[in-house]
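The chain contents come next:
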Amino acid sequence: MAATVTAVAAAVVAGVLAPAATASAGPRQDSVQQRLDALVQKDGVPAALATVKGRDGRTRTYTAGVGDVTTKAKVPVDGQVRIGSNTKSFTAVVVLQLVAEGKIGLEANVDTYLPGLVRGDGIDGRNITVHQLLQHTSGLPDYVDQQAVLKDPQRYAEPRELLDAALTHKAQFAPGTQWAYSNTNYLLAGMIIQKVTGRPLGEEITKRVINKIGLRHTYFPVPGDMTIHEAHPKGYQRTADGSLRDYTELDPSWGWAAGAMVSTNTDLTRFYEALLGGRLLPAAQLAQMRTTVPADSLGPGHRYGLGLISRPLPCGGLSWGHGGGIPGFATFGGTTDDGRSVNVAVTTIPGDEDTGKHVDQTVDEALCR
């Protein structure tokens, strides 16, 4: 989990979209609906939602299941969800914008911006670069205590508290020698953004990304905000006795720069389309973001750039995106260089590998048809 579903089940534009079509628009669209229905009926997720932009340029939305397991309320079309580690892509964009502005050096060490802060067993911020943070090649241990989050999801956590928790563990490996996913990397990236700009991370993401490309249903929660603002399905996790616990309202502060944001499937597809289309970063920084290293633990052929994952499609080529998970919600998706895009959300972090694979197959089905 740890604010990312990609580590559990490999995942993973502003303007007017064409009117959304229902799943009954034709048999080719029905294949996505059938897969969402199967996620509910066979895999047991409470609800599934999807937005698909196909080869024809049209955007279609889908829902399956129920938005509330108690009342059996319908799933809101394109409802808001917590997007977990997709937040990392937003954070990485802001860092790279600051690189382009000459305010952050991508190859500068962490101590340049946070002097003396990152020290531990085999850990020294003088030997870790900003680049390594964004690419998960720093060797830093993760700060997330999964059981503590599940037990007390409404507890507030300060970034420094989270960092201190990470630094009680030893380094996973020497910086730059291996790849391993760690939310601590993006915790530090967020702290560097705040140090360099003198402004809160959420404010910088809002100004530099959300408002810039007109994501009207996306936000970075302010401290203390445990709600989802607009129409949304409820999010659940199964407990040890098999019952569903409602995690819809939680304090996402523990996810912060690594996983706190809320959005919709449609806004996420717009974000990744705008990013890959060069609307958020200069060409040099976008090329750096798309320069990847193997990330096989996420799945066969997966590679990690700077806050961006590439994965091979069964029909050829690559999809780009991230994916994410936070108690109650998991998102999977991908965008291709020729403009196809899909994002799927389910209202639970899948508890088994097969369910995660089935959501990935739904993404592939939508991108390859």
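Quick caveat: nothing in here was measured; it's all calculated off a predicted structure.

Some details on the overall build of the protein chain
- When its secondary structure is counted, the protein chain shows 11 helices and 15 strands.
- Computed over C-alpha atoms, the radius of gyration of the protein chain comes to 19 Å, within 12% of the 21 Å expected from 2.2 N^0.38 for 369 residues, which places it in the range of a compact globule.
- Projecting the C-alpha coordinates of the protein chain onto the three principal axes gives extents of approximately 60 × 45 × 35 Å.
- A burial count over the protein chain gives 59% of its 369 residues as buried.
- For the protein chain, the accessible surface area stands at approximately 13800 Å², while carbon and sulfur atoms represent 51% of it.

With respect to helix α9 (residues 265-276)
- Compared with an ideal rise of 1.5 Å per residue, which puts 12 residues at 16 Å, α9 spans 17 Å between its outermost C-alpha atoms and is within 8% of the ideal.
- Of all 12 residues making up α9, 12 are buried, and the element is well covered by its neighbours.
- Looking at α9, one finds that the buried residues are N265, T266, D267, L268, T269, R270, F271, Y272, E273, A274, L275 and L276.

Some words on the pairing of strand β1 (residues 47-53)
- Across the 7 residues of β1, 7 count as buried, placing the element largely inside the fold.
- Along β1, one buried face is formed by A47, L49, T51 and K53 and the opposite face, lined by A48, A50 and V52, is buried too.
- Note: β1 against strand β2 (residues 59-65), 7 bridges, orientation antiparallel. Opposite V52, over in β2, you have R60 as the bridge partner.
- Of the pairings in the sheet, the one linking β1 to strand β15 (residues 341-346) comprises 6 bridges and is antiparallel in character. Within the sheet, the bridge partner assigned to A48 lies in β15 and is V346.

Re the pattern of salt bridges
- The full count for this structure, using the stated rule, is 21 salt bridges.
- In this structure, R60 and D56 form a salt bridge, with 3.0 Å as the shortest nitrogen-oxygen distance.
- On the basis of relative accessibility, which here comes to 6%, the residue R60 falls in the buried class.
- The partner of D246 in a salt bridge is K234, and the shortest N-O contact between them spans 3.7 Å. With D246 in strand β7 (residues 244-246) and K234 in the loop between α7 (201-210) and β6 (236-238), this pair connects stretches of sequence that are 12 residues apart.

Some details on unusual backbone geometry
- In the Ramachandran plot, K72 falls in the positive-phi region, its phi being about 65° despite a non-glycine side chain.
- Owing to a relative accessible area of 55%, K72 belongs among the exposed residues under this scheme.
- Within the chain, W256 stands out as a residue other than glycine whose phi angle is a positive 35°.
- Mapped onto the elements, W256 comes out in helix α8 (residues 256-259).
- Residue classification places W256 among the buried residues on the basis of a relative accessible area of 11%.

Some words on α7
- Counting buried positions along α7 gives 7 out of 10 residues, so the element sits mostly inside the fold.
- Within the span of α7, buried status applies to L201, G202, E204, I205, R208, V209 and I210. Seen end-on, α7 carries its buried residues on one side only, within an arc spanning 160°.

Comments concerning the side chain of R369
- Topologically, R369 is positioned in the segment after α11 (353-368).
- Buried charge without a partner: R369 forms no salt bridge, and the closest opposite charge is E365, 5.6 Å away.
- Looking at R369, its side chain comes within polar contact range of the side chain of Y62, at 3.5 Å.

Some points on the state of the cysteines
- According to the stated counting rule, one finds 1 disulfide in the structure shown.
- The disulfide partner of C315 is C368, and the S-S distance across this bridge is 2.1 Å. On the sign convention where negative is left-handed, the bridge of C315 and C368, at about -75° about the S-S bond, is left-handed. In this pair, C315 sits in the loop between β11 (309-312) and β12 (318-321) while C368 sits in helix α11, placing the two residues 53 residues apart along the sequence.
- Looking at C368, the relative accessible area reads 21%, which means it is partly exposed.

Regarding the side chain of R208
- Along the polypeptide, R208 turns up in helix α7.
- At 2.8 Å, the side chain of R208 forms a polar contact with the side chain of E101.
- Here R208 is in contact with V94, Q97, L98, E101, K103 and L280, once residues within four sequence places are set aside.

Section: the packing of aromatic side chains
- A complete count under the given rule lists 5 aromatic pairs for this structure.
- When the centroid spacing of 5.8 Å and the interplanar angle of 45° are considered together, the rings of W179 and Y304 count as tilted. Here the residue W179 occupies a position in the loop between α5 (159-166) and α6 (183-197), and Y304 occupies one in strand β10 (residues 303-304), the gap between them amounting to 125 residues. Judged on exposure class, the residue W179 and its partner Y304 are both buried.
- An aromatic cluster of three or more residues is present, and its members are F90, F271 and Y272.
- Taking NZ or CZ as reference, R290 lies 4.6 Å from the ring centre of W320, over its face.

The rules we used
- Each chain has its residues counted from 1, following the order in which its sequence is written.
- Per-residue local features of the predicted model are confined to residues with pLDDT of at least 70, and side-chain atom pairs are confined, for both listing and counting, to 80 or more; whole-chain, interface and lining totals are unaffected and use all residues.
- To obtain the side-chain values, all non-hydrogen atoms of the structure were used and water was disregarded.
- Numbering of helices and strands starts at the N terminus; helices are DSSP runs of H or I of at least 4 residues and strands are runs of E of at least 2.
- Note that the radius of gyration is over C-alpha atoms, with the globule rule given as 2.2 Å times the number of residues to the power 0.38.
- Classification of residues uses two cut-offs on accessible area relative to the type maximum, computed with a 1.4 Å probe and protein chains only: under 20% is buried, over 50% is exposed, and between them is partly exposed.
- Each accessible area is a Shrake-Rupley result for a 1.4 Å probe, and residues are judged covered by the shown protein chains and nothing else.
- Given a helix with a known number of residues, its expected span is that number minus one, times 1.5 Å.
- Any two strands with at least two DSSP bridges between them are considered paired.
- Counted as salt bridges are all cases of a side-chain nitrogen of Lys or Arg within 4 Å of a carboxyl oxygen of Asp or Glu.
- Throughout, the arc means that of the directions going from the helix axis to the C-beta atoms.
- Here the positive residues are Lys and Arg and the negative ones are Asp and Glu; neither His nor the chain ends is included.
- In protein, a polar contact means a hydrogen-donor-capable atom and an acceptor-capable atom, both N or O and within 3.5 Å, with residues adjacent in sequence counting only if both atoms are side-chain atoms; elsewhere, any N or O pair within 3.5 Å suffices.
- Throughout, a disulfide means two cysteine sulfur atoms within 2.5 Å of one another.
- Here a residue-residue contact requires only that any non-hydrogen atoms of the pair lie within 4.5 Å.
- For Phe, Tyr and Trp, where Trp contributes only its six-membered ring, two rings pair if their centres lie within 6.5 Å, and the inter-plane angle classes them as stacked under 30 degrees, edge-to-face over 60, or tilted in between.
- Whether a charge sits over a ring depends on NZ of Lys or CZ of Arg being within 6 Å of the ring centre and within 35 degrees of the ring normal.

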